[in-house]
Amino acid sequence: MSTPLFSVVLGAGLMGRLLAHTLAQAGHRVQVHEAQGDDGQGSAARVAAAMLAPLAESAITEMPVVRMGHHGLTRWPELIAALPEPVFFQQNGTLVLWHRQDAAEAKRFEGLLLRTQDQCPELPPTQRLDAQGLQALEPGMEQRFNQALYLPGEGQLDNRELLASLLKGMTQLGVELHWNSPASPEDFQAGQSGQPDWVFDCRGLGARPNWSQLRGVRGEVLRLYAPDVSLQRPTRLIHPRYPIYIAPKENHVFVIGATEIETEDLSAVSVRSTLELLSAAYTVHSGFAEARILEASTQARPTLVDNLPAIRCLGERTLQINGLYRHGFLISPAMLDVVMEWVQHQTTNLATQFNLQFQHA
């Protein structure tokens, strides 16, 4: 009986947990080193809204992210099905709204989506809705909007349920979990006798000593309990100053965010951001006026100079996976599949298909 491959994963955020769980499923002996605790407090994934919206995101990103995001919509149900605890997953599409005074901005946004669909025709086409169509699609929506866009097929999941279920799955599969145990690639000599067969660096901003181009982009997110609001899908409000998203989770919990600030400051959410986010949400539905603020969170998302993800080889058997930026949940299944293809074959057709950067240091 052959000895199983031994893989070390550095970092236990979204990418680290997904990779460790998948490697263990594939029969690897897996060891995880995380600089913080098991609750994911240091991970950008814990703060995210976890929307899976490749077409909506195409207005502000490039085609590699769109293609990876489309791949992820198929893969997420498969990945979740392999976990020991249920994870909220929804694929009811995305609703895009705007106020009358922002019609020109909405037209520009729609033009960007149409351009994306020309380049990626496998995406379901955008649907225009009038007031009656909007009411039929979203009965809980107040009659504040006369038109909207509907992006079918897009989805979301519950980020914290996913992180918790991945943790339980790793434990059940016998993954060696080392919390409050920072480590870096140079601590290992992958492929040498007595050393891991593979080392995977998924530390996000923690990898900056080894990847100087990384920077943090601050995001601010509110979690609300709003029993007077019923929305059946993630909703985006187009606005020239504060375009927001509202992601409805289970039990009338809503995640609201939008801010992107070029800083790694992790201090508390600012008054300005809170006012803008809540004011914009109230213009979407008046029921948010009586909502309760459960949490106001900040996190810095690991980002490379072009705002696109990349995989980098530090050696034949040491990979760095980073730069997922604001698209972690959208693209992580595609990144995972590229890495697993490389591990199995030392080549990757998927990276070429996605036009994903696969670098050699």
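To be clear, the structure that these remarks concern was listed above.
For the structure given in this document, a descriptive report is provided here. (Residues numbered from 1 in each chain as written. Predicted model: local features only at pLDDT ≥ 70, side-chain atom pairs only at ≥ 80, totals over all residues. Heavy atoms only, no water.)

### So, the packing of helix α1 (residues 14–25) against helix α6 (residues 159–172)
1) Next: For the pair α1 and α6, interaxial distance at closest approach is 9 Å and the crossing angle is 35°. Viewed along their axes, α1 and α6 form a crossing whose handedness is left-handed. Here Leu14, Arg17, Leu18, Ala20 and His21 of α1 come into contact with α6, specifically with Leu162, Leu163, Ala164, Leu166, Leu167, Gly169 and Met170. (Axes fitted to C-alpha atoms, helices over the stretch in contact; angles between N-to-C directions. Helix = DSSP H or I, 4+ residues; strand = E, 2+ residues; numbered from the N terminus. Left-handed = near helix turned anticlockwise from the far one by under 90°. Contact = heavy atoms within 4.5 Å.)

### So, the side chain of Thr22
1) Next: Assignment of secondary structure puts Thr22 in helix α1.
2) Next: Judged by relative accessible area, which is 13%, Thr22 ranks as buried.
3) Next: Polar contacts involving the side chain of Thr22 include one to the main-chain carbonyl oxygen of Leu18, which spans 2.8 Å.
4) Next: Apart from the residues within four sequence positions on either side, Thr22 is in contact with Leu336 and Met340. (Buried < 20%, exposed > 50% of the residue type's maximum accessible area, 1.4 Å probe, protein only. Polar contact = N/O pair within 3.5 Å; in protein donor to acceptor, adjacent residues only side chain to side chain.)

### Description of the pattern of salt bridges
1) Next: A complete count under the given rule lists 16 salt bridges for this structure.
2) Next: Its salt-bridge partner being Arg108, residue Glu105 comes within 3.0 Å of it at the nearest N-O pair. Of the two residues, Glu105 and Arg108 both sit in helix α4 (residues 103–119), 3 residues apart, roughly one turn of that helix.
3) Next: Note on Glu105: relative accessible area 27%, which makes it partly exposed.
4) Next: Owing to a relative accessible area of 47%, Arg108 belongs among the partly exposed residues under this scheme.
5) Next: Note that Glu110 is salt-bridged to Arg128, the shortest N-O span being 2.5 Å. Remark: Arg128 occurs in strand β6 (residues 127–130) and Glu110 occurs in helix α4; sequence separation between them is 18 residues.
6) Next: Residues joined in a network through salt bridges with shared partners are Glu57, Arg236 and Arg326. (Salt bridge = Lys/Arg side-chain N within 4 Å of Asp/Glu carboxyl O.)

### Here's the deal with the packing of aromatic side chains
1) Next: Enumeration according to the criterion identifies 3 aromatic pairs in this entry.
2) Next: Ring geometry for Trp342 versus Phe358: centroids 4.6 Å apart, planes at 40°, classification tilted. Taken as a pair, Trp342 in helix α8 (residues 328–345) and Phe358 in strand β18 (residues 357–360) lie far apart in primary sequence, 16 residues in all.
3) Next: Trp342 gets classed as buried once you look at its relative accessible area, which sits at 13%.
4) Next: The cationic tip of Arg29 hangs over the ring face of Phe6; the distance from NZ or CZ to the ring centre is 3.9 Å.
5) Next: The lysine or arginine in question, Arg312, covers the ring of Trp211, its NZ or CZ lying 4.5 Å from the ring centre. (Phe/Tyr/Trp six-rings, centres within 6.5 Å; stacked < 30°, edge-to-face > 60°. Lys NZ or Arg CZ within 6 Å of the ring centre and 35° of its normal.)

### A few points about unusual backbone geometry
1) Next: One non-glycine residue, Ala50, adopts positive backbone phi at about 60°.
2) Next: You can see Ala50 is positioned in the loop between β2 (29–33) and β3 (51–52).
3) Next: On the basis of relative accessible area, Ala50 is assigned to the buried category, the value being 4%.
4) Next: Of note, the phi angle at Asn251 is positive, near 60°, even though the residue is not glycine.
5) Next: Here Asn251 lies in the loop between β13 (244–248) and β14 (253–257).

### Describing the side chain of His99
1) Next: Along the chain, the position of His99 falls in the loop between β5 (94–98) and α4.
2) Next: We classify His99 as buried; its relative accessible area is 16%.
3) Next: Ignoring sequence-local partners within four residues, the contact set of His99 consists of Phe145, Leu237 and Thr283.

### A look at the sheet that holds strand β4 (residues 89–90)
1) Next: Read from one edge to the other, the open sheet built from 3 strands follows the order β3-β8-β4, with strand pairing classed as antiparallel. Taken across any chain shown, the strands that pair with only one partner, and hence form the sheet edges, are β3 and β4.
2) Next: As judged from the 2 bridges shared by β3 and strand β8 (residues 155–157), these two strands associate in the antiparallel manner. What sits directly across from Leu52, in β8, is Gly155. (Pairing = 2+ DSSP bridges.)

### Remarks on the state of the cysteines
Working definition: the covalent bond between the sulfur atoms of two cysteines is a disulfide.
1) Next: Going through the model one piece at a time under the given rule, you end up with 0 disulfides.
2) Next: Considering cysteine sulfurs only, Cys313 is the nearest to Cys202, which forms no disulfide, with 13 Å between them.
3) Next: Its relative accessible area of 4% is what places Cys313 among the buried residues. (Disulfide = S-S within 2.5 Å.)

### Topic: the environment of Arg100
1) Next: Among the structural elements, Arg100 can be located in the loop between β5 and α4.
2) Next: Overall, Arg100 belongs to the exposed group, its relative accessible area being 66%.
3) Next: Sequence separation between Arg100 and Gln147 is 47 residues, and the spatial gap between their C-alpha atoms is 9.0 Å.

### A look at the nonpolar core
Where a protein is soluble and globular, its nonpolar side chains tend to be buried together.
1) Next: Core analysis: the largest hydrophobic core is formed by 54 residues, its most contacted members being Trp76, Leu162, Phe200 and Ile321.
2) Next: Per element, the largest residue contribution to this core is 11 residues, and it comes from α8.
3) Next: Those residues in contact with Leu162 that sit more than four places away from it in its chain are Leu14, Trp76, Ile80, Leu83, Val87, Leu157 and Phe329. (Core = buried A, V, L, I, M, F, W, Y, C linked by side-chain atoms within 4.5 Å.)

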